[in-house]
Structure formats: C-alpha cells, structure tokens
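# Overview (structure and organization)
So the chains spell out like this:
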Amino acid sequence: MAASDGFPASFYGEPGVLGMLSNGISAFLVLLQNFNTAHSGKAPVGVENILAGVHLILIGGLCQLVAGLLSFRKYDHLSGTAFIGYAALWGSYGATRIYYGALSENPNMVSSVDQIMNNSSNIMMSNTSLNDSMKCYLCLSIEESAIAGLVPYILLSFLLAFCSATVNYIMPFVFGAITATLIFEAVALAADSWALVVSGVLELLILIFTIYGSAALLIKGLTQRLAMKGFGTPLFNVLLLGTPNSGKAQSGGQEKKKNTKYAEPMALGFFCDSIAPFIFAFYSFGYMKSFGLGVAWVSIISVAQLFSSYYAHLRQDCYHTTKFGFHTTYWLIKAWDEFVVSVLIVEDSKVVSGRQAMLGDWFFVVAALVLFVGSLNMDVLELIHNLLFVLLTVSTVPQIPLQGYYIFFGVACSLFTAVSIYGTFTRLINTIAEKSLIPVGPQPVSSEQLSRALRCRSKQGDQDVLPQTDQTSDALFYLSNGVAALSALHSRSMSMNPSLLHLTIPWLLISGAIIQAYVSRLQVTGGGRFGSVISSIYVVVWATWTWFRFAGNQLQLSTEADYGFTAGAIAFLVINAFLILIAAYRNLVLLFLTTLMEVVLVCFLLSTLHKLPYELEIAMLALVSLVCIYGTFASLINCIFSQRVLPMGPPLIKGKMNSEISLELPCPVVNSRLSSGLLKIAGLLEEGGVCGIPTDTVYALAASCKNPQAIEKIYNIKDRPAEKPICICISSVEQLVAAKPPFSPLLWEFMRNVYPGGISCIVSKGDWLLQLGVGAAYDRVGTRDSIMIRVPDHTVTCHLCDITGPLAITSANPSGEPDSTHHSMVINRLGNKIQGVLCDGDSNEVVASTVVNCLRIDEGIISILREGCVPAAKVQQIFDRVKSTMPGRSALSVSL
C-alpha cells in the first residue's frame, strides 16, 4: 500500500510505536496495583496477581519482543537491544507476579515452607511423596530473587537511557523513568510501602512519555516528516564521547564486508550476559535461599540472548552466533541445575554425590577455551570477556569442594558481570556512532598471524574458500552434541543415584534437544544441501535418551514401556544409517560423529533390553565428545577466516556425487561466463519464467517486465508481503534518457553520479516507463506513484537487461532470511520454485543496495530508506558534491 507521497508502508514502518506502547501499558498495569496497595494497605493476592503477571508477559514481554525483532530488521541497534531487553524484564516481572499469586492461593503450603527451611536436618524428596515435592517447590525466596533480578536491570536501563540521548530526546525520558521506577520497585520489595507510591508516580510518567513518543513516531511514519518534536535531534552528539584514539580503526577481525541489513546484536548479547551472572552472584553469596524464581529470570533472559545469536546468524557472523548460543546453553543448564539442587534436592551430601559424578562442565571449560582462541584476532574487550567466561566455567566444575564452590562461582560471576556491563555500553555507543568512540582495545593478534599459527594445510589448500553461510551454525551443532554426550556419561554404580538422575535431565534435555532444535532452525535458513536433517534427528535422539535413561527411572516405567523404547531404538539405528550416508557427502569429522552415534544407539538399544555394557557406552560417549570438541574448534576457526584453516576431511563420496548432481538439480543451471548460458536465461525470462541472477551486490530473482504474471510469481516464491514493491533493473542511464522522463537537472546529475552501482533511486512514476519498456507490468512494479530503479555495476546483469529489456528484481531469498551470496544458496533454497539460475560464484557484497528516496529532491531533500552496501555518509558526500555544482541549490540537504 502506498502512502501519500508514494512510499511503500514497509519502508518506514515504526516498530518503536509498538515497543513504547508496550512499556507504557505494562507500567500502567503495575501502577494500578501499586496505588491500590498503597491506598488499601493490602497487597494483591491470588488470581489478581496471576492475571497481572499474564498481562505483563503478553504485553510487556511478547508485544515488545516483536518490536525488538522488527527494530533489528530496520538496522536500529539501540531500539532492538532496548525493546528485547525490556521484554525480558517485563516477562520476568510477570513471572514474579504469577509466583506471588500461586503462593497466596495456597497459604497452608507457605507455612510448611518455613518449617522446611528451618529444619536443620533437611529432607530428601522421595518419588512417592508428592506433598513433600510441592512443599519443596515452594521454597522460592521471591523477594530476594526479584531484587536480584531488578538490580542489574537498573544499571543497564540507566545505560540505555544514556545511550538513547545520543539518538533523540524522547527515549532518554522513557528509559530514565523506567530506571527510577525499577529502583523504587526494588525498595518496595525490601522495605515499606511508601516506595510503591513513588514508583506509581514514575510509572505514570512512563505512560505519558510513551504515549507522546508513540504518537510522534506514528505521525512520522505516516507523513514521513518530523511533525512532533522529540525524534531526529539528540540531546548531545555521540561524537562528544570520543577518545583521542577513537578515530583509529579497531579491527574486529570478523566481518570483512559491512552488513547493514540487520542491526548488530552484540550489545544485546552483552546485555544478557550482564543479567544472568548477576542473579547467580546473588544466589552464590547466599542472598537468595532458593533458585525457584531465579530460574525463571535466568531462563527468560537466556531466550533473549538466543535472539542475539539468531541475528548474528542472519548477519552471517559465525563467531557471535556460536558465542551467544554457547552462553545461552550455559546459563540455561546452570539455572535449571541450581533449581534442581535448591528445590528438588535439599540434602548437601546428596547434591555432592550427584554432582561429582557429572562431567558435562568439563566440556564447557574446553569450549570456552575454543572461543577464547577464536577471539585472539578481535579486540581486547572480547578477549577479556572470553577469558572471564573460561574462569566462570572452571568455577562450576563439580569436583570443587562444596565449601568453596559457591564462593568461587560468585566471584567469577561478579567479574564477568562487570565486564559485560562495560561491553554493553561500548557496543551500543560504537554501533550508534559506527566508529570506535569508547575504547575496546587493539587487536591482540593479527588475523594473518592467527591463521598461520593454526593452519594445518599445505599451501595448495590455502585458498580453499568456504561459503560463509554453510558454516555459520556448524560449531554450535558440534557444541550442543558434545555437551549432551559428556553429560550422559556415567558409570553403572551411579546409574541408580536419584540425585544424579535429577541433575542430568536439564543437562541432556537443554543441550541435546532444546539448543539443538534452535541449531536445526539455523540450518534451515543456512542454505546447506541437506538442511537440518542430522540436527533434527539428534534432537529426538537426545530427548528420548533423557526420557528413558534418566526420567524413566524416576517415573518407574514398566517392562512393557521398555519394549516400546526398544522399537524406537531400532528405528533410530536405521535412520542414523542414512545420516551416515549424508555425512559422507559433507566431511570426515561429521562422518566420524554419525558413525560413533550409531554405536551409541546400539548401546541405547541394549539398555532397553537391560543388557547394556556400560564400558562400551562410556567409551563411545567420550569419543563423541572428543570429536565434537574438534568439530567445534575447526568449524569456528574455518568460518571466521572463510577458509579451511583446520582440516575437516574431504567428502568421502564426492566423486560419485559430481557425476550425478546435474540430474538432481531442481532447475536449469548455466554459467554466466558462457554466452549460451546468458541467452538461455534470457529465453526463460522471455517465456515468463523467474530466474536467479547475479548483481553487483547479492543474488536476485528476476522476471521480465513484459510478463506481469511472472512478477506475481516472485511474491509467491519468496512469501513476500504484498505491500512490498519490486524495483526495476536497467542496463544504463542512457536507457532512461531515451525514455525521456520529466526529471529535473539535479536528479539527472545525481543519477549519473550514483549509477552504475549499489544504490537504488526512488523516483516518480509516469508514462515514460512505457517508453522504457516496462509495458504491461506498469501496475505491478513500484507503488502507485513511485518506482525504484537499479543500474547494477555488473557486466553480466547489464548485458542480460540489454537482451530482455527492463527486469523486475528483488533479492533471491525467502522473505526475512539472509540474502543469497552464492548461486548454490539460490539453488538450495529456491531451486524448486524457479525456472533457472545464472551461476557467477560468490557475490561482491553480503547485503543489498542502499535505497535513496529522490521524490523530493527538487525541494532539497533526499532520504535513506535502507542503508545497504553503500554507506549513508557516502551518499551524502555524493549529493553534496552534486548540489554544489548546481546553481541555486545551496540549501539542499539529506534526510537520514
């Protein structure tokens, strides 16, 4: 749908409206409860608290999460981080309200909790004592847990308020009011009810500020101008925060091509790494008596961190995909581990005996060292952060005596929290400014030095370049399987230890099933030939293993149920045989892993028949863990350098596959360097087909403007929203000149300076498009009043346009997924839906073109609707240079 000035609504959608309203409405809900409590002297109980908690989760949590995800897609670092962070806050606070309501509904059980906590001898929960189980579950330490969660949010909310002052002067008041509110909410939990009144007044301010901010953003989106003050003008210039050395580039050693399609998720990852360890520090130092509510706070913030890993994957950043996915795995496992210890197991001797038999923590230690090595070519801040995470994993090794375990863990969490908070601040400010204003330190080791130190290949293989997206999630795949395998390892003597069985369940279920299910989702979008087949099957394998080997003993499964698992184990053996065949097409490391898993599944089958040789199972699980450690290390390093630095082994049946692959391709594939190939694609386009073609940025889907039905196919192929228009591609500016559009001299001069290249210009529609050759597709490209024009700096694409006439193009990827940067990605993801692919190898960029609105250029205004491969600053420089050559144009400007 077009706006009044011809823009598609999708170009200027404002998720900030949803994000701000979610904060305002959530604050209003808490305000009502606070004022009622202060007035009546009675705190809300029962269903009232439960309903309030559900509303906070739905409105402040889920709605604001959507706003944060949309903000990341708009390349808005600050809003994406803030909205997802606050979504976790309101979700956690809603969970706290639900806990309050659940406890007040059972007053008799509350009194029994106090008896349990004061019983010096403690008790051990038995399988048959459900009443004791419920009583132990209610040992929640609600006030202490809520305060432990609120304090880090206070610090981070203050940082968000400060950082937002460099962008506009509405968000600082909203985030500042939230910060002050959190302070008095924490005081109200710890002291008297007077703080509730102050908190209520501040929540009223939040509501007022968010209503005004939402209205300002909504009007800005509808009119494409700043009708209400507050946005577009910062309280102070972010460049004022610069240090004397801030102009020096500080290499991250990771992304060699700028990716501006999605906002950088690093600040969100550090944000989440500040909350979880802070809560653990409070618990470790004895402030929280139970982790019953703490597990909810840590689990919710861990889910938020998983989104930072996901957006790193969309940015084709394998390092941060792995790092934040790894941290999420660690926080979730430790949270539920402590929940089991503090709520389900209350006897110290049982905790010690169960933990000492577990080995999963050692995999975390080694994996943390792998991440540390992988960050040697980044900045000092990243290196210190990873080094402290190594310390953190060492502090939770279960073989440490219980007397020093929690002190060591608490100190490590405190240090890690401090560095994470600083990292949140630096990543936010530096991404807003798009330069290193806050010091993060130099690159400890150059990329070349690290590559040479790690390289295990001959010179002949040094240039063996990898497709980046095929490797992004591989390290996390090996990591999740390694943790699961080492966690499942235990001896015969410990197989019936109830404490061990309780403690092992979260380790296996979270790493092997939950996180691996997330990895499976990443592999679906990665464009790999076999997608997520292996990871999806192993999700089921580890979930079934957990159910039978650990939860099964607790549930006292019958012999008949064991035979059901026997049938399942046989099915797994057959399926895994096919996975071995798939792995043979990939590399030797994956082949070794799937082969070892076949033996592990044999052990699982024998365990269902009660004939398990424990020694064989221990050996196989240990080997799986070793293979996964190497797979994690090699995949991560190879992906960071986009080369095969560490060997993974060649595909075992690569030769056979090459001879048959042409018969298996889902669509015709031709070489861009052959004239016959170009003519074949041109013929397919003329016949009404949709084809994948290379451009000067990323691969695109193309349809001839002579065939309107082909353009409609593109929407179905991509699942592209109908309101998103499609642009046209031509070979040169001279084609436009021949069509005689009524463009001003300024617009002509600007186009001659940006074409050909990675910039798309939006101009007014008119009958001149018919002269250009758009023909019957006039109503199906662009909007009612405007059209976006591309002139790519790519010989093949331009020659194709000369043959076919104007082409309707859009990026060759399913809507919302990463752009295709290699023809293999187009074939794998869309090959079954299109009529041909013009193969040209790796693309020149990792993101699409920069979109410039030129509809009001004669009024002195152009605006950047999407910053792509050409930076906005460069567009402004071109425009400034052009307008300086035009008489009477000194007042022209660029609106970003």
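Being a predicted model, the structure only gives us computed values, none of them experimental.

## A closer look at the overall build of the protein
A count of helical and extended segments in the protein gives 31 helices and 11 strands. Taking all 896 residues of the protein together, 59% fall into the buried category. In the protein, 77% of the contacts between residues at least 6 apart in sequence involve partners at least 24 apart. Accessible area for the protein stands at about 34000 Å²; split by element, carbon and sulfur atoms hold 63% of it.

## Here's the deal with the confidence of the model for the protein
Averaged over every residue, the pLDDT of the protein is 81; the share at 70 or more is 83%. When the criterion is pLDDT under 50, residues 108-140 qualifies, and its contacts beyond four places in sequence or with other chains add up to 43 contacts.

## A few points about the environment of K74
As for its placement among the helices and strands, K74 is situated in the loop between α2 (47-73) and α3 (77-104). Considered as a pair, K74 and E867 are 793 residues apart in the sequence and their alpha carbons are 9.4 Å apart.

## Considering the packing of aromatic side chains
One pass over the structure, following the stated rule, counts 35 aromatic pairs. Between Y86 and F175 the ring centres are 5.3 Å apart and the planes differ by 50°, which places this aromatic pair in the tilted class. Of the two residues, Y86 sits in helix α3 while F175 sits in helix α7 (residues 171-190), which places them 89 residues apart along the sequence. Judged by its relative accessible area of 1%, Y86 is buried. Since its relative accessible area comes to 1%, F175 is described here as buried. Here the aromatic rings of W545 and F604 are separated by 5.4 Å at their centres, their planes lie at 20°, and the arrangement is stacked. Taken together, the positions of W545 in helix α19 (residues 533-555) and F604 in helix α21 (residues 588-608) put the pair 59 residues apart, joining distant regions of the chain. Both residues of the pair, W545 and F604, count as buried. One Lys or Arg, K765, reaches over the ring of Y778 and ends 4.6 Å from the middle of that ring.

## Focus: helix α11 (residues 318-344)
An α-helical turn contains 3.6 residues, so a residue and the one three or four places further along point in the same direction. With 27 residues, α11 should reach 39 Å at 1.5 Å per residue; the first-to-last C-alpha distance of 38 Å fits that figure. Across the 27 residues that make up α11, a large majority, 26, are buried. Here α11 starts with a cap whose side-chain oxygen sits 3.3 Å from the backbone nitrogen of Y319, and that cap is D317.

## Structural notes on the packing of α11 against helix α15 (residues 402-433)
In contact at an axis separation of 15 Å, α11 and α15 are set at 145° when each is read in the N-to-C sense. Once α11 is placed against α15, the crossing between them reads as left-handed. Side by side, α11 and α15 meet where H327, Y330, W331, K334, E338 and V341 of the first sit next to Y405, Y406, F409 and F416 of the second. Tallied by class, residues from the contact of α11 with α15 come to 7 nonpolar, 1 polar and 2 charged.

## Some remarks on the side chain of T81
Within the fold, T81 resides in helix α3. Among all residues touching T81, those that are not within four sequence positions of it are F72, A267, L268 and L428.

## Examining a nonpolar patch on the surface
Together, F285, I407, V411 and L415 line one region of the surface with nonpolar side chains, adding up to about 370 Å² of accessible area. Within the element layout of this structure, L415 appears in helix α15. Its relative accessible area of 41% is what places L415 among the partly exposed residues.

## Quick look at the pattern of salt bridges
In the structure shown here, the tally under the stated rule is 15 salt bridges. One salt bridge connects R427 with D379, and the closest N-O pair in it is separated by 3.3 Å. With R427 in helix α15 and D379 in the loop between α13 (360-374) and α14 (380-395), the pair connects residues that are 48 residues apart, well separated along the chain. Here R427 and D379 have matching classes, each one buried. R752 is the partner of E734 in a salt bridge, and the nearest nitrogen-oxygen pair spans 3.9 Å. Here R752 lies in helix α27 (residues 745-754) and E734 lies in helix α26 (residues 733-739), a separation of 18 residues in the sequence. In this structure E734 comes out as exposed when scored by relative accessible area, which is 51%. By relative accessible area, R752 is classed as partly exposed at 43%. Connected through shared salt-bridge partners, K323, D379, E382 and R427 make up one network.

Reading guide: rules and limits
Residues numbered from 1 in each chain as written. Predicted model: local features only at pLDDT ≥ 70, side-chain atom pairs only at ≥ 80, totals over all residues. Heavy atoms only, no water. Helix = DSSP H or I, 4+ residues; strand = E, 2+ residues; numbered from the N terminus. Buried < 20%, exposed > 50% of the residue type's maximum accessible area, 1.4 Å probe, protein only. Contact = heavy atoms within 4.5 Å. Areas by Shrake-Rupley, 256 points an atom, 1.4 Å probe, with all protein chains shown as cover. pLDDT = per-residue confidence, 0-100. Phe/Tyr/Trp six-rings, centres within 6.5 Å; stacked < 30°, edge-to-face > 60°. Lys NZ or Arg CZ within 6 Å of the ring centre and 35° of its normal. Expected span 1.5 Å × (residues − 1). Polar contact = N/O pair within 3.5 Å; in protein donor to acceptor, adjacent residues only side chain to side chain. Axes fitted to C-alpha atoms, helices over the stretch in contact; angles between N-to-C directions. Left-handed = near helix turned anticlockwise from the far one by under 90°. Nonpolar A, V, L, I, M, F, W, Y, C, P; charged D, E, K, R; others polar. Patch = residues over 30% accessible without salt bridge, like charges linked within 9 Å, V, L, I, M, F, W, Y side chains within 5 Å. Salt bridge = Lys/Arg side-chain N within 4 Å of Asp/Glu carboxyl O.

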